[in-house]
Amino acid sequence: MSAKAGAKLFKQRCDQCHTVEAGGKHKTGPNLNGLIGSKTGQKPGYAYTDANKSKGITWTKETLDIYLTNPKKYIPGTKMVFAGLKKKKDRDDLIAYLVKSTK
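Reading the values: rules and limits
Residues numbered from 1 in each chain as written. Predicted model: local features only at pLDDT ≥ 70, side-chain atom pairs only at ≥ 80, totals over all residues. Heavy atoms only, no water. Helix = DSSP H or I, 4+ residues; strand = E, 2+ residues; numbered from the N terminus. Rg over C-alpha atoms; globule rule 2.2 N^0.38 Å. Buried < 20%, exposed > 50% of the residue type's maximum accessible area, 1.4 Å probe, protein only. Salt bridge = Lys/Arg side-chain N within 4 Å of Asp/Glu carboxyl O. Polar contact = N/O pair within 3.5 Å; in protein donor to acceptor, adjacent residues only side chain to side chain. Contact = heavy atoms within 4.5 Å. Core = buried A, V, L, I, M, F, W, Y, C linked by side-chain atoms within 4.5 Å.

Draft legend 1. Spatial organisation of the overall build of the protein chain. Scanning the protein chain for helices and strands turns up five helices and zero strands. Secondary structure elements of the protein chain, listed N to C terminal, follow the sequence α-α-α-α-α. Its C-alpha atoms give the protein chain a radius of gyration of 12 Å, near enough to 13 Å, the size a compact globule of 103 residues would have. Considered along the principal axes of its C-alpha atoms, the protein chain spans approximately 35 × 30 × 25 Å. Here the protein chain holds 103 residues, and the buried ones make up 43% of them.

Draft legend 2. Region of the structure containing the pattern of salt bridges. Throughout the structure, instances matching the rule amount to five salt bridges. Note that Lys53 and Asp50 form a salt bridge whose closest N and O atoms lie 3.9 Å from each other. A residue pair is termed a helical-turn pair when its members lie 3 or 4 positions apart in one helix, as Lys53 and Asp50 do in helix H2 (residues 50-55) at three residues. Residues joined in a network through salt bridges with shared partners are Asp65, Lys88, Arg91 and Asp92.

Draft legend 3. Broad picture of the side chain of Asn31. Topologically, Asn31 is positioned in the loop between helix H1 (3-13) and H2. Accessibility expressed as a relative area gives 4% for Asn31, which makes it buried. Reaching out from Asn31, the side chain makes a polar contact with the backbone oxygen of Glu21 at a distance of 3.0 Å. Reaching out from Asn31, the side chain makes a polar contact with the backbone nitrogen of Asn33 at a distance of 2.9 Å. When neighbours within four sequence positions are excluded, Asn31 is seen to be in contact with Thr19, Val20, Glu21, Gly24, Lys25, His26 and Lys43.

Draft legend 4. The arrangement of the nonpolar core in detail. Among the nonpolar cores identified, the biggest contains 20 residues, and Phe10, Trp59, Leu64, Tyr67, Leu68, Leu94 and Leu98 are the most heavily contacted of them. Looking at which element gives the most residues to this core, the answer is helix H5 (residues 88-101), with four residues. If sequence neighbours within four positions are ignored, Tyr67 has contacts with Trp59, Tyr74, Ile75, Thr78 and Met80.

Draft legend 5. Structural context of the environment of Val81. Relative to the helices and strands, Val81 is located in the loop between helix H4 (71-74) and H5. Spatially, the C-alpha atoms of Val81 and Leu94 are 17 Å apart, while their sequence positions differ by 13 residues.

Draft legend 6. Quick peek at the side chain of Thr49. Structurally, the position occupied by Thr49 is in the loop between H1 and H2. Given a relative accessible area of 19%, Thr49 falls into the buried group.

Draft legend 7. Spotlight on the environment of Pro76. Checked against the element boundaries, Pro76 lands in the loop between H4 and H5. Of the residues examined, Pro76 reaches a relative accessible area of 56% and is grouped as exposed. Residues Pro76 and Ser101 lie 25 residues apart in sequence; the distance between their C-alpha atoms is 27 Å.

And the structure:
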């Protein structure tokens, strides 16, 4: 797992919709600061779908891996248009970056 490679993936695939820094603004998607250990659909000030609010999972490396494989399959009804990352290495790198950058 490489947080450095994950940072590059985030910039290419996620940055247009998400921020990671503390106090960062919501874009099309929510700010991801504090992601690990938080529950789905709970960031104040962001308009989540009912699907995200009611999923009721806690974000961990494992749940992120499943979600990032195919977001619409894991949370049917999500408004996230991202198709997912099919390569396990890409998901591992992105998750390593998210763990590091969203503390």
